[in-house]
Amino acid sequence: MGSIDPADLQGYQVKQEWHSKPTYLRVIAAGAGATGLCLAYKMKEKFKFENYDLVCYEKNSGVGGTWFENRYPGCACDIPAHAYTYSFEPNPDWSTFYAYGPEIRQYFEGFAKKHDLLPYVKLNSRITRAVWDEQQGIYKVDIIRDGQRIQDWCHVLVNGTGFLNDWKWPKIPGLADFKGTLMHTANWDTSVDYTNKRVAVIGTGSSAIQTVPQVQKAAQHLTAFMRSVTWISPPVGGEVLQVEKQKAEDSQGKAQSVAAQYYYTEEEKKKFREDPQHHLKYRQGLEGAANMLFDMFIADSETSKNAEVLMRQEMNRRIGEGHEELKAKLIPSWPPGCKSPISNTTNNFNPPGRRITPGDGYLEALVQPNVTTVHQEIERINETGVLDASGVQHDIDILICATGFNLAFTPPFEVLGRNSLSMHDFFTNHPYGGPQMYLATTIPHFPNFFVVNGVRGNWASGTALPSIEICCEYILRCCAKIQSDHLKSLEVKQEPITQLYEHIDAWHEGSVWNAPCKSWYKNNIVGGKLWIWAGSALHFLKTMKGEPRFEHYEIEYKERNMWSFLGNGRVKTEVLKGTEGYATGQELLEKLCPYLRNEDCDFEVE
Ligand SMILES: Cc1cc2nc3c(=O)[nH]c(=O)nc-3n(C[C@H](O)[C@H](O)[C@H](O)COP(=O)(O)OP(=O)(O)OC[C@H]3O[C@@H](n4cnc5c(N)ncnc54)[C@H](O)[C@@H]3O)c2cc1C
């Protein structure tokens, strides 16, 4: 914040406008997945911003992000569908207990249509570069739109590109030599028919767990390359699921056949639609169960020990008698949470991530006669298939890599901040050894740049959407301050991050994620730093909620005098009363003396 030389205190003129009249704010968001749409909705409907423009540039030809892109067979939410909605936008019409990808995509598309958000979205538009212009206090943004390079600008840039959007091929020698059909789960080609084909799936992460049972049913033979051991958990919300299944069995006299899935009846959906309180209680039961799981991630806690016993029993039961080798090779020997073992391999296939996958039919599929499980390293891939480390060649027609994503530490586009500092260089060269992100949201040297639930955000606990929502609200509170206090820039200081990181590192010493394992929470580095929040989902929400701690930010004003936003000594109501379209009658009276009330509740002066 600059100071004024007393000799300079002349020529100041009061602005002829009301107190805190919002300055024009242009916001660009990268992405129109759950995050971009949430931001657009909250800006318009919850915070009711005025005098602003928002453009969500989206590289795909449709909205929905993860759920637009992931079309592999069996792609589904691995937490109960009724817990995977925006917290304020329930969906009474979910068909199944765990919603499948296409229905989730429909949910987000329906949300965008219902709230008229599509005018804020520009499709087929990939942001390639953003550069901070110090003088103007804006980012200049390059975009490739329908193949053409265009430019735009904004006061505030929000990165809503998610942290699981950059899918990756495994680093296995010879991958390019394969002459059959090569696929990645996150880039699925729906025209490929695997019926009666020899198929291999590489990976034991969530996508593999969902794909394998589907492919196994149709393929002539399935080879599952499963280098890593993995926990398959009982379903999140499993108790509620069991109640649902029992109800169905009682009423229909037969069991619903799918192991960990339930199909809602029309009557249940009607009740959810017509009785929102009943629906809310049902959602609370599921969300509460997901939040209760957190105790499991505290090292040596009773819950962690019990979870291990339970999961071990359940995996043994589901694999069944006579598959002792598979049990020995698949069931981990350490507590659930830190999911993949130390490995000295350079192949980077699918260290399982945050998702606790109910694994509907996965273990059952692995023991079918048309399945071979391979627990060796892969030596190399060749023209006809895969050669494993024991020298066995597996000839196949289709190779499916369920090998996950590059963790997004930096945005998928170049960002230059103050003094042309590159975000990539700043993170790479920082002595701490990695990204510097304040509350998963803001970054020193990159004013007015925000990330939604970024590095060290809540990636590991509960469901993603409440954390996305709270981050959007945090960002919009910053935007509101930029507008009302007439700020040029808001830039987080380094010290609050340094101290936050000290706290996070110390906290993780007692978390199960800290075990000497390899996971994407540690950017796949055994013994690496944990890039996730130090606490539960609720703990993250409590930290992010409410007024941002602006004392952690450097503030620069647009005008020389920091009080210029005080304007002409009047508030909006005093200026606009009597003008067309403004409040009249009782509404106006209330605005003229908002502090008069019957109890000591909060009030606002407009
Ligand atoms: C297979 C799968 C299953 C999952 N299941 C669950 C689950 O059960 N529960 C849960 O809580 N979470 C789950 N997740 C996490 C999920 O990603 C989040 O719940 C949520 O969808 C993230 O939304 P987002 O908008 O932040 O990111 P995304 O959905 O990834 O959207 C990012 C958007 O940014 C766009 N984009 C990227 N780069 C650019 C660019 N340069 N310019 C313009 N646009 C760009 C992308 O096209 C995309 O549309 C799952 C993730 C995957 C991959």
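Now for a look at the structure at hand. (Residues numbered from 1 in each chain as written. Predicted model: local features only at pLDDT ≥ 70, side-chain atom pairs only at ≥ 80, totals over all residues.)

1. Section: helix 1 (residues 34-46)
Right, on to step 1. Of the residues making up helix 1, those classed as buried are A34, T35, G36, L37, C38, L39, A40, Y41 and M43.
Right, on to step 2. In this structure, the buried side of helix 1 is in contact with strand 1 (25-30), strand 2 (52-57), helix 3 (101-114), strand 7 (156-159) and helix 12 (464-484).
Right, on to step 3. One or two positions beyond helix 1, positive phi appears at K48, with a value near 50°. (Buried ≥ 20, exposed ≤ 12 C-beta atoms within 10 Å, placed from the backbone. Helix = DSSP H or I, 4+ residues; strand = E, 2+ residues; numbered from the N terminus. Contact = placed C-beta atoms within 7 Å.)

2. Brief notes about the sheet that holds strand 13 (residues 378-381)
Right, on to step 1. Across the sheet, which stays open at both edges, the three strands sit in the order 13-14-15 with antiparallel pairing between neighbours. Each having just a single partner strand, strand 13 and strand 15 (393-395) make up the two edges of the open sheet. Averaged over all neighbouring strand pairs, the angle between strand axes comes to 20°, with direction disregarded. (Pairing = 2+ DSSP bridges. Axes fitted to C-alpha atoms, helices over the stretch in contact; angles between N-to-C directions.)

3. Regarding the site of the ligand
Right, on to step 1. Residues in contact with the ligand amount to 33 residues; listed here are only the nearest, G31, G33, G65, G162 and A464.
Right, on to step 2. Listed by contribution, the elements that provide at least two residues to the shell around the ligand are helix 1, strand 4 (125-133) and helix 12.
Right, on to step 3. Sorting elements by how many residues they give to the shell around the ligand places helix 1 first, with three residues. (Near = placed C-beta within 6 Å.)

4. Describing helix 8 (residues 302-319)
Right, on to step 1. Compared with an ideal rise of 1.5 Å per residue, which puts 18 residues at 26 Å, helix 8 spans 26 Å between its outermost C-alpha atoms and is within 8% of the ideal.
Right, on to step 2. Residues of helix 8 that are buried: A307, M311 and M315. Around the axis of helix 8, the buried residues are gathered within 55° of arc, so they sit on the same side. Helix 8 presents E302, K305, N306, V309, Q313 and R317 as exposed residues on the side facing more than 90 degrees away from its buried surface.
Right, on to step 3. Its buried side turned inward, helix 8 meets helix 10 (362-366).
Right, on to step 4. Just past helix 8, the residue G320 takes up positive phi, approximately 85°. (Expected span 1.5 Å × (residues − 1). Arc of directions from axis to C-beta.)

5. Some details on unusual backbone geometry
Right, on to step 1. At N124, a residue that is not glycine, the phi angle is positive and equals roughly 50°.
Right, on to step 2. Mapping N124 onto the fold places it in the loop between strand 3 (121-122) and strand 4.
Right, on to step 3. Using a count of 15 C-beta atoms within 10 Å as the deciding quantity, one classes N124 as partly exposed.
Right, on to step 4. Of note, the phi angle at N453 is positive, near 50°, even though the residue is not glycine.
Right, on to step 5. Summarising the element assignment, N453 is placed in the loop between strand 19 (449-451) and helix 12.

6. Comments concerning the sheet that holds strand 6 (residues 148-154)
Right, on to step 1. Strand order in the open sheet formed by four strands is 6-5-4-18, and the pairing between neighbours is mixed. Two strands lie at the open edges of the sheet, namely strand 6 and strand 18 (414-416), each paired on one side alone. Across the sheet, the mean angle from the axis of one strand to that of its neighbour is 20°, orientation sign disregarded.
Right, on to step 2. As paired strands, strand 5 (residues 138-145) and strand 6 are joined by seven bridges and run antiparallel to one another. Note that in strand 6 the partner of I144 across the bridge is R149.

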